[in-house]
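Structural features, examined
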Amino acid sequence: MSSDTSKRIEKVEVIEKDIASALESAGLVVGELAKDAPSQAFYEQHTKNFLHLVQNIEIGLSEQISYLGRVSSSTVCGNTPRLAEQKSSHGQACLRQAQQSLEERLAAVQGKVAKFDCDSVDMSALTTSHPVNGSGKLEGTPMELS
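Structure report, in brief.

Parameters and conventions
- Residues numbered from 1 in each chain as written.
- Predicted model: local features only at pLDDT ≥ 70, side-chain atom pairs only at ≥ 80, totals over all residues.
- Heavy atoms only, no water.
- Helix = DSSP H or I, 4+ residues; strand = E, 2+ residues; numbered from the N terminus.
- Expected span 1.5 Å × (residues − 1).
- Buried < 20%, exposed > 50% of the residue type's maximum accessible area, 1.4 Å probe, protein only.
- Lys, Arg positive; Asp, Glu negative; His and termini not counted.
- Salt bridge = Lys/Arg side-chain N within 4 Å of Asp/Glu carboxyl O.
- Contact = heavy atoms within 4.5 Å.
- Phe/Tyr/Trp six-rings, centres within 6.5 Å; stacked < 30°, edge-to-face > 60°.
- Lys NZ or Arg CZ within 6 Å of the ring centre and 35° of its normal.
- Core = buried A, V, L, I, M, F, W, Y, C linked by side-chain atoms within 4.5 Å.

1. Some remarks on helix H1 (residues 3-33)
With 31 residues, H1 extends 45 Å between its outermost C-alpha atoms, agreeing within 8% with the 45 Å of an ideal straight helix rising 1.5 Å per residue. Those residues of H1 that sit buried are Arg8, Ile15, Asp18, Ala22, Ser25, Ala26, Val29, Glu32 and Leu33.

Following this line, the structure appears as structure tokens:
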């Protein structure tokens, strides 16, 4: 096996590990949000980790697809780049769906926590630097959220 091929395989293995880690982070966040009193610091940290991993996965997959496109354009088989792009698009769609689900659960828990806080605490005296806006969508890139 050539050195270039070995490096490509190692990069794909890193992407695979990042996908597993992203799913683990998402699971930890969902598990924490399911608790009656979720730890905001815990789920924020794992949400940031999830978003960072998703960004790394997208970059890694794009690099692999670009490489496959270059390699296959010099071969007889013209369907390989299209097939790789379709698989990548499907993978990215699955990651976006997981991210959306995580954001929806986060917004629901924050609404539950805000309702509890409103009933028992004078909210006008509190300030927050939470990275989620009123619609429940995360703002900024993973690096900005850190």
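What follows continues from the structure just given.
2. A closer look at the side chain of Arg8
Note that Arg8 resides in helix H1. Buried within the structure, Arg8 lacks any salt-bridge partner; its nearest side chain of opposite charge belongs to Asp4, at an N-O separation of 4.2 Å. Setting aside its immediate chain neighbours within four residues, Arg8 contacts Glu63, Gln64, Tyr67 and Arg70.

3. Some words on the packing of aromatic side chains
Within a pair of aromatic rings, the relevant descriptors are the distance that separates the centres and the angle that separates the planes. Using the criterion set out here, one finds zero aromatic pairs in the structure. Positioned over the ring face of Tyr67 is Arg8, at 3.8 Å from the centre of the ring.

4. Let's talk about the nonpolar core
If you look at the biggest cluster of nonpolar residues, it comprises 16 residues, and the most contacted ones within it are Ala22, Val29, Leu33, Tyr43, Phe50 and Ile57. Residue assignment for this core shows that the elements contributing at least two residues are H1, helix H2 (40-73) and helix H3 (80-120). Here the element with the most residues in this core is H2; it accounts for seven residues. When residues no more than four places from it in sequence are discounted, the contact partners of Phe50 are Ala22, Ser25, Ala26, Leu95, Ala98, Gln99 and Leu102.

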